[in-house]
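Chain by chain, the residues run as shown.
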Amino acid sequence: MKEYEVVVGLEVHVELSTKTKIFCGCTTEFGGLPNTHICPVCLGLPGALPTLNERVVDYAVMTGLALDCEINRYNKFDRKNYFYPDLPKAYQISQLYIPICQKGKIDIFSDGNKKTIGIHEIHMEEDAGKLIHSEDNTTLIDYNRCGVPLLEIVSEPDFSSASEVVAYLTKLRETLMYLGVSDCKMQEGSMRADINLSVRPKGDKNLGTRTEMKNMSSFKAIEKAIEYEAKRQIELIEKGEKVVQQTRRWDEEKEISFSMRTKEDASDYRYFPEPDLLPVEISEERIDCLKNTLPELAEDKRKRYVSDLSLTEYEAEVLTSSVALSKLFEDTLEYCKSSKQVCNIILGEYMRLLKLKAVTAEDKYIDPKKIACIIELTLSNKINNNTAKEVFEEVFEKDTDPNIYIEEKGLVVVTDEAVVSKAIDEVLRVNPKSVEDYLSGKQKARGFIVGQTMKLLKGKADPKILNTLIDEKLSKL
Ligand SMILES: [Zn+2]
């Protein structure tokens, strides 16, 4: 059998997290009763005219800047005509001839290798509604999603494996989330990918005939679908048959793809310039302004955490794995300069509790001042590590004030030498056998005495003071 290589290009649709839709004032909120987030514009009723949401343009420019794209200062909308029941206008407003961003790139790491994936273009468009196929063979339509703003991010056909695709989507998702332009919730469909895939004999320059799998919304399904489809195409070619250009659907349960329709080309959609909207002109000032407000992205944060804050690569990686986690880390640093301690408590206790309660950092922000306070109490030896854990859990659960809590519960470490000394005397008095053992050379006995004293002081003795005083007393015996 010949050796083949897989060629994949991606079209990723991302729902933007603007408050309102792209061409009307309806809310973009997910959920809601069917057909309640609608108006004449997003329903395409006769005479209703679209008005472009400025924020959508801003988000598209920000995304373009973050992905190293050229921004087209002059771009425009086009009509993509097709009938589908969830598209009441029977056309979608999109961008074909002059999209807002072009010629960008994303660097990915896959299987230990760095690779640059080209971004062909990014364009703005509106989402369609949703068909709900019910069990009694009827189909319901919910138009709430009609007109929700989308960015379509089209890559070059630069991928040669499923793992590269996943690395790209992970990086893209991370970038969009740090930019704050989309929540990228794949399970709610706010990020979905169309996979264009073809195969060719290794070393061949020409592209083979491609198929497209639409609306993939989980990394696992994407990986499986790429592997399945590549195998299917290679088998066809090996049998001397032809790959047909078509749109295929991936069945997640059965893990097979099947043909939906022969794949359409741009000409099938009878695109023409959208007559109801003016071309978009973006000023230099606007672009500069957006450039200046771009937030620090995950990769830059990771580098800074390692070089400036002396964290390990691993720690930096975990902290930046979610926007909320890195925010909590940085917010806490405002009150406590010890980056290592802050990192330890967030990666340790905080993440342990998140996992235990099955919530995410996005759902559970806690007061950074209180985290800093716990670290402070530990560093100044006012509480020991076990107490710190207990207090952290209280803060996590009930937003308790650490200082009040340790006072009320009597958790402050005993540093008063007189108190510790008295406790040791008491332990020595009631354990004459241990004293005897110690004097006859049994080191173990010392450990027992330390333990008993600690127990008497309910675990709150300052270990340093305790050890010093015990040695003093034992040497005098
Ligand atoms: Zn509307």
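Conventions and cut-offs
- Residues numbered from 1 in each chain as written.
- Predicted model: local features only at pLDDT ≥ 70, side-chain atom pairs only at ≥ 80, totals over all residues.
- Heavy atoms only, no water.
- Helix = DSSP H or I, 4+ residues; strand = E, 2+ residues; numbered from the N terminus.
- Contact = heavy atoms within 4.5 Å.
- Salt bridge = Lys/Arg side-chain N within 4 Å of Asp/Glu carboxyl O.
- Buried < 20%, exposed > 50% of the residue type's maximum accessible area, 1.4 Å probe, protein only.
- Donors = N, O, S within 2.8 Å, 3.2 Å for Na, K, Ca; no water.
- Tetrahedral: all angles 85-135°; square planar, octahedral: opposite > 155°, others 65-115°.
- Pairing = 2+ DSSP bridges.
- Axes fitted to C-alpha atoms, helices over the stretch in contact; angles between N-to-C directions.
- Parallel < 35°, antiparallel > 145°, perpendicular 65-115°, else oblique.
- Left-handed = near helix turned anticlockwise from the far one by under 90°.
- Nonpolar A, V, L, I, M, F, W, Y, C, P; charged D, E, K, R; others polar.
- Domains from an automatic or database assignment.
- Core = buried A, V, L, I, M, F, W, Y, C linked by side-chain atoms within 4.5 Å.
- Phe/Tyr/Trp six-rings, centres within 6.5 Å; stacked < 30°, edge-to-face > 60°.
- Expected span 1.5 Å × (residues − 1).

Enquirer: Break down the side chain of Thr453 for me, citing the residues and quoting the values.
Expert: Mapped onto the elements of the fold, Thr453 is located in helix α15 (residues 444–456). In contact with Thr453, other than residues within four places in its own chain, are Val420, Ala423, Ile424, Val427, Leu466 and Ile470.

Enquirer: Report on the side chain of Ser434, specifying residues and quantitative values.
Expert: Residue position: Ser434 is located in helix α14 (residues 432–439). If we skip the residues at most four places from it in the chain, Ser434 touches Ala445, Phe448 and Ile449.

Enquirer: With reference to specific residues and values, describe the pattern of salt bridges.
Expert: Counted by the stated rule, this structure contains 41 salt bridges. Two residues, Arg304 and Glu330, come together in a salt bridge whose shortest N-O distance is 3.2 Å. Within this pair, whereas Arg304 is found in helix α6 (residues 298–307), its partner Glu330 is found in helix α8 (residues 323–333), the two being separated by 26 residues in sequence. When its relative accessible area of 27% is taken as the criterion, Arg304 is described as partly exposed. One salt bridge in this structure joins Asp331 and Lys327, with 2.7 Å as the shortest N-O distance.

Enquirer: Please give an account of the coordination of the zinc ion that cites residues and values.
Expert: Binding of the zinc ion to the protein goes through Cys24 (SG), Cys26 (SG), Cys39 (SG) and Cys42 (SG), at separations of 2.3 to 2.4 Å. For the zinc ion, the 4 donor atoms in the first shell make angles of 100 to 115° at the metal, so the coordination geometry reads as tetrahedral. Site description for the zinc ion: donor spacing in sequence, C-x1-C-x12-C-x2-C. Taking relative accessible area as the criterion, Cys24 reaches 13% and is therefore assigned buried.

Enquirer: Residues and numbers for the sheet that holds strand β14 (residues 256–262), please.
Expert: Read from one edge to the other, the open sheet built from 9 strands follows the order β2-β6-β7-β10-β1-β11-β12-β13-β14, with strand pairing classed as mixed. The open sheet has two edge strands, β2 (70–71) and β14, and neither has a second partner. One ladder, built from 7 bridges, connects strand β7 (residues 113–126) with strand β10 (residues 149–155); its direction is antiparallel. Looking at β10, one finds that Glu121 is bridged to Val154. Across the sheet, helix α4 (residues 219–238) lies against β1 (4–15), β11 (191–201), β12 (211–216), β13 (246–251) and β14, angled at about 25° from β11, the strand it touches most.

Enquirer: Can you break down the packing of α8 against helix α9 (residues 339–356) residue by residue, with the values?
Expert: One way to put it is that α8 packs onto α9 with a least axis distance of 10 Å and a crossing angle of 140°. Comparing the axis directions of α8 and α9 gives the class oblique. The handedness of the crossing between α8 and α9 is right-handed. Along its contact with α8, which presents Leu325, Leu328, Phe329, Thr332 and Leu333, the element α9 presents Ser339, Val342, Cys343, Ile346, Tyr350 and Met351. Along the lines of polarity and charge, the residues of the contact of α8 with α9 split into 9 nonpolar, 2 polar and no charged.

Enquirer: Tell me about the domain arrangement of the protein chain, and name the residues and values.
Expert: Where the parts come together, the accessible area they lose is often given as the size of the interface. The domain boundaries assigned to the protein chain delineate domain 1 (4–285), domain 2 (296–409) and domain 3 (417–476). A straight line from the C-alpha centre of domain 2 to that of domain 3 covers 35 Å.

Enquirer: Now, about the nonpolar core: what can you tell me, with residues and values included?
Expert: Core analysis: the biggest nonpolar cluster contains 66 residues, and Met124 and Tyr168 have the highest contact counts within it. One finds Ala324, Ile345, Ile366 and Ile383 within the second-largest nonpolar core, a separate group that totals 35 residues.

Enquirer: Break down the pairing of strand β4 (residues 78–81) for me, citing the residues and quoting the values.
Expert: Alignment of β4 against strand β5 (residues 91–94), held across 4 bridges, turns out to be antiparallel. Residue pairing across strands places Lys80 opposite Gln92, the latter belonging to β5. For β4 and strand β15 (residues 272–273), the ladder comprises 2 bridges, and the chain directions are antiparallel. Its bridge partner being in β15, Asp78 is matched across the sheet by Pro273.

Enquirer: Describe in detail the packing of aromatic side chains, supporting the description with residues and values.
Expert: Counted by the stated rule, this structure contains 7 aromatic pairs. Plain terms: the ring middles of Phe23 and Phe77 are 5.6 Å apart, the flat faces sit at 80° to each other, and that makes the pair edge-to-face. With Phe23 in the loop between β1 and α1 (40–43) and Phe77 in the loop between β3 (74–75) and β4, the pair connects residues that are 54 residues apart, well separated along the chain. Taken as a pair, Phe23 and Phe77 share a single burial class, namely buried. Seen from their ring centres, Tyr228 and Trp250 are 5.5 Å apart, and the 65° between their planes marks the pair as edge-to-face.

Enquirer: Give a detailed account of the sheet that holds β5, specifying residues and quantitative values.
Expert: With respect to topology, 3 strands assemble into an open sheet ordered β5-β4-β15, the strand pairing being antiparallel. Of all the strands in the sheet, the pair left with one neighbour each is β5 and β15.

Enquirer: With reference to specific residues and values, describe the pairing of strand β9 (residues 139–142).
Expert: Pairing of strand β8 (residues 130–133) with β9 involves 4 bridges; the strand directions are antiparallel. Among the inter-strand pairings, Lys130 is bridged to a residue of β9, identified as Asp142.

Enquirer: Describe unusual backbone geometry, and please don't skip the residues or the numbers.
Expert: The residue Asn137 is not glycine, and still its phi comes out positive at about 65°. With respect to the helices and strands, the residue Asn137 is situated in the loop between β8 and β9. At Asn381, a position not held by glycine, the phi torsion is positive, near 65°. Within the secondary structure layout, Asn381 lies in the loop between α10 (368–379) and α11 (385–398).

Enquirer: Can you tell me about helix α3 (residues 162–179), naming the residues and giving the values?
Expert: Owing to its 3.6 residues per turn, the α-helix aligns residues three or four sequence positions apart on the same side. Spanning 18 residues, α3 covers 26 Å between terminal C-alpha atoms, matching the ideal 26 Å at 1.5 Å per step. Extensive coverage of α3 is indicated by the burial of 14 of its 18 residues. Positive backbone phi, at 80°, marks Gly180, one or two positions downstream of α3.

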